[in-house]
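Working through the structure, step by step
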Amino acid sequence: MVPALLTWFGRSARILPWREAQGVRRDPYRVWLSEIMLQQTTVPHAAPYFAAFTSRWPTVAALAAARDEDVMQAWAGLGYYARARNLLKCAREVAARGAFPESETELRTLPGIGPYTAGAVAALAFGERTPAVDGNAERVFARLLALKEDWAAAKKRIALLARELVPADRPGAFAEALMDLGATVCTPKKPNCAVCPLTALCAARAEGDPEHYPLKPAKAARPVRYGRAYVLRRTGHVWLLRRAPSGLLGGMLALPSSDWREAREGCEPPLGAAWERLGEVRHVFTHFNLHLEVLAAETTDAGLPEGFWVSADDLTGLPSVFAKAVALAGLSARRKR
Ligand code: ADE
């Protein structure tokens, strides 16, 4: 299986900004940064952020020396902001040590680096014989073996098998070949078995319905939460605040808003301002769907929650949920890329 996969990868590897030509030693900083960005984020969405980060902070030492607010603002729109906070912590720890540690085991001790990322950095940057099995690779194995046990047990089996299969001479290529096969051929819907290098070995294909795998339990529906966000405007400026450092959207710029609750009642607008209802934005968080009513007012500063005025022409750095809200007010929170 491994030779067929690697031959296919030699022909079909995606060209991505964090990849080097074959045979070129990879910079652990770029490998690590891309792997953190690609957790929970698609390749096309992460790519411009990777370019922006590496041009602004070309080394781990440069990132370690950055101001927290600048990094959080540059991360805005990538979501899962605990990743950005850990990214900075990790960069500072690595800069203090002088370099990234080179083994999977030591990488695991750094902030924000779990088993997958440690394996990926060790294999891709340092050539250690470690596996890096992401969701794409798991799907490939689940189909190849037509795994019928429950998904938690199947994932354990896949992890063990992948560790055995990693070729000592090309661990990084093995990891990225599985990712690419899962992302481009062995896709969740309508896998393209006609071009798959493993089709002759694939048990799910032999059974006739590869899409049937992986057998994952149905996800529980996300509950809905409701809230209101306030676009307070005065002479070309908007009132923003910085959220508390930890918790949801921790450390990020934000519009003032009510609590987000199970029912709409109880989040009445503050102040005596003349509120105009602009509409509602919806946003998906990990544990709930948010329905956020957006209200706007031209206001004096009476009763404003703690914050600061920001020019309405420079609202970059807002997380997506608030970017959607300011868009309803005809303002943009996106840097033109
Ligand atoms: N997803 C996570 N890591 C990746 C990588 N190195 N290449 C492509 N997709 C990925």
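As the structure is a prediction and not an experimental result, all values here were calculated from the model. (Residues numbered from 1 in each chain as written. Predicted model: local features only at pLDDT ≥ 70, side-chain atom pairs only at ≥ 80, totals over all residues. Heavy atoms only, no water.)

**Points about the packing of helix 2 (residues 28–38) against helix 3 (residues 43–56)**
Where helix 2 contacts helix 3, the two axes come as close as 10 Å, and the packing angle between them is 140°. The angle between the axes of helix 2 and helix 3 places the two elements in the oblique class. As for the relative orientation of helix 2 and helix 3, their crossing is right-handed in sense. Facing helix 2, whose interface residues are Y29, R30, L33, S34, M37 and L38, helix 3 presents V43, A46, Y49, F50, F53 and T54. Here the residues of the contact of helix 2 with helix 3 are counted per class, giving 9 nonpolar, 2 polar and 1 charged. (Axes fitted to C-alpha atoms, helices over the stretch in contact; angles between N-to-C directions. Helix = DSSP H or I, 4+ residues; strand = E, 2+ residues; numbered from the N terminus. Parallel < 35°, antiparallel > 145°, perpendicular 65-115°, else oblique. Left-handed = near helix turned anticlockwise from the far one by under 90°. Contact = heavy atoms within 4.5 Å. Nonpolar A, V, L, I, M, F, W, Y, C, P; charged D, E, K, R; others polar.)

**Section: a positive patch on the surface**
Side chains of K155, K216, K219 and R222 sit close together on the surface and give a patch of like positive charge. Relative to the elements of secondary structure, R222 occurs in the loop between helix 12 (203–207) and strand 1 (224–234). (Patch = residues over 30% accessible without salt bridge, like charges linked within 9 Å, V, L, I, M, F, W, Y side chains within 5 Å. Areas by Shrake-Rupley, 256 points an atom, 1.4 Å probe, with all protein chains shown as cover. Salt bridge = Lys/Arg side-chain N within 4 Å of Asp/Glu carboxyl O. Lys, Arg positive; Asp, Glu negative; His and termini not counted. Charge placed at Lys NZ, Arg CZ, Asp CG, Glu CD.)

**A short note on the pattern of salt bridges**
Two side chains bearing opposite charge may form a pair once their charged atoms approach each other closely. The final tally for this structure, using the stated rule, is 18 salt bridges. Across the pair K148 and E207 runs a salt bridge, and its minimum N-O distance is 2.6 Å. Here the residue K148 occupies a position in the loop between helix 9 (135–144) and helix 10 (151–165), and E207 occupies one in helix 12, the gap between them amounting to 59 residues. Judged by relative accessible area, E207 falls into the partly exposed class, the value being 46%. Here R157 makes a salt bridge to E149, at a shortest N to O gap of 2.9 Å. Judged by relative accessible area, which is 44%, R157 ranks as partly exposed. Within this structure, R14, R19, R26, E176 and D180 form a network of salt bridges that share partners. (Buried < 20%, exposed > 50% of the residue type's maximum accessible area, 1.4 Å probe, protein only.)

These results come straight from atomic positions and should not be treated as a statement about function.
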